[in-house]
Amino acid sequence: LCLNAFSEALFFFILPDFLLLWLCVLSGSVRRNRQLLLYCFGSSLFGAMIMVYLCMHYQMGIGNIIFELPFTSRSLLQKVDTEHMIPLLSQAFSGIPFKVWAYQALVVQDLDPLPFLSLIYLGRGMRMFAIYLLGTQIGLRKSCRDFLQDYWLALIGASFLGLLLFLNSTTPARMPIY
């Protein structure tokens, strides 16, 4: 799981979410599922940091490598909106590989990597947390009512925290909030 999550941010094309979902379903333990979530998220973030480093320091060469990988092409750059924060936050749900987003934001548009990474981390965290919740619910065979009773505070808290981070982050002038 960790190797898949790490390599997906760099060069691999299979999302770790599928493996995370199945492991959470088969685990049968909420504690074990939390560990799987943290391993997957941490490995994914570490891979994303390395990709950001590569994009910043090897700008010319990294584009040739990225666009030779499966499911990536230079035509995807036209679909990537790194000028606004909301699309960056939803990157994890867009279907466009992180590698293309990183190249567009850090090489083509020369954005500051800290706001970029914070929004990417928040988006990936929301996606992986949703997969964790789904896998745990299916694995423990709980009803929707139990699900809402168990996680309503976490969902509201995560949404509020995400909104605060989003509004209080230092943003370059080229990245309007809307």
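As for its placement among the helices and strands, Gly-28 is situated in the loop between α2 (17–27) and α3 (30–57). Taking the C-alpha atoms as reference points, Gly-28 and Gly-135, 107 residues apart in sequence, are found 9.3 Å from one another.

Here we take up α2. Residues Asp-17, Leu-20, Leu-21, Cys-24 and Val-25 constitute the buried set of α2. Buried positions in α2, seen along its axis, are confined to an arc of 130° and lie on one side of it. Exposed side chains of α2 directed beyond 90 degrees from the buried face belong to Phe-18, Trp-22 and Leu-26. Close packing links the buried residues of α2 with α3 and α7 (113–140). A positive backbone phi angle near 75° is found at Gly-28, which sits one or two residues after α2.

This part takes up the side chain of Glu-8. Among the secondary structure elements, Glu-8 is positioned in helix α1 (residues 2–10). Once residues within four sequence positions are removed from consideration, Glu-8 is found in contact with Ile-14, Leu-15, Pro-16, Lys-99 and Arg-124.

Attention now goes to the side chain of Arg-124. Within the secondary structure, Arg-124 sits in helix α7. A residue is classified by how much of its surface remains accessible, and Arg-124, at 1% relative accessible area, is buried. A polar contact is formed between the side chain of Arg-124 and the side chain of Ser-44, at a distance of 2.2 Å. Excluding anything up to four places from it in sequence, Arg-124 contacts Glu-8, Ala-9, Phe-41, Ser-44, Gln-91, Ala-92 and Phe-98.

What describes a pair of aromatic rings is the distance from one ring centre to the other and the angle between the planes of the rings. One pass over the structure, following the stated rule, counts 2 aromatic pairs. Arranged with centres 5.5 Å apart and planes meeting at 25°, the rings of Phe-6 and Phe-46 form a pair that is stacked. Of this pair, Phe-6 sits in helix α1 while Phe-46 sits in helix α3; the two residues are 40 residues apart in sequence, bridging distant segments of the chain. Phe-6 sits in the partly exposed class, given a relative accessible area of 23%. What makes Phe-46 partly exposed here is its relative accessible area of 45%. With centroids separated by 5.7 Å and ring planes inclined at 35°, the aromatic side chains of Phe-129 and Tyr-132 adopt a geometry described as tilted. A residue pair is termed a helical-turn pair when its members lie 3 or 4 positions apart in one helix, as Phe-129 and Tyr-132 do in helix α7 at 3 residues.

Here we come to the confidence of the model for the protein. Across the protein, the average pLDDT comes to 75, with 72% of residues at or above 70. Here helix α8 (residues 144–168) stands out as the element of the protein with the lowest mean pLDDT, 63, in contrast to α3, whose mean of 87 is the highest. Contacts from residues 169–178, a stretch scored under 50 in pLDDT, to residues over four places away or in other chains number 23 contacts.

Calculation rules
- Sequence order as written defines residue numbering, which begins from 1 separately in each chain.
- Given that the model is predicted, a residue must reach a pLDDT of at least 70 before its local features are reported, and side-chain atom pairs must reach 80 or more before they are shown or counted; all residues, however, enter totals for whole chains, interfaces and linings.
- The side-chain figures draw on all heavy atoms in the structure; neither hydrogens nor water molecules are used.
- Under the scheme used here, helices are H or I runs from DSSP no shorter than 4 residues and strands are E runs no shorter than 2 residues, and both carry numbers assigned from the N terminus.
- In this scheme, a residue with accessible area under 20% of its type's maximum is buried, one over 50% is exposed, and one in between is partly exposed, where area comes from a 1.4 Å probe on protein chains only.
- In this description, one arc is meant: the one made by directions from the helix axis to the C-beta atoms.
- We call two residues contacting when some pair of their heavy atoms lies within 4.5 Å.
- N or O atoms closer than or at 3.5 Å make up a polar contact, with two conditions inside protein: a donor-capable atom paired with an acceptor-capable one, and, for residues adjacent in sequence, both atoms drawn from side chains.
- Between the rings of Phe, Tyr and Trp (Trp by its six-membered ring), a pair exists once the centres lie within 6.5 Å; its type follows the angle of the planes, with under 30 degrees stacked, over 60 edge-to-face, and the other angles tilted.
- Note: pLDDT gives the predictor's confidence per residue, expressed from 0 to 100.

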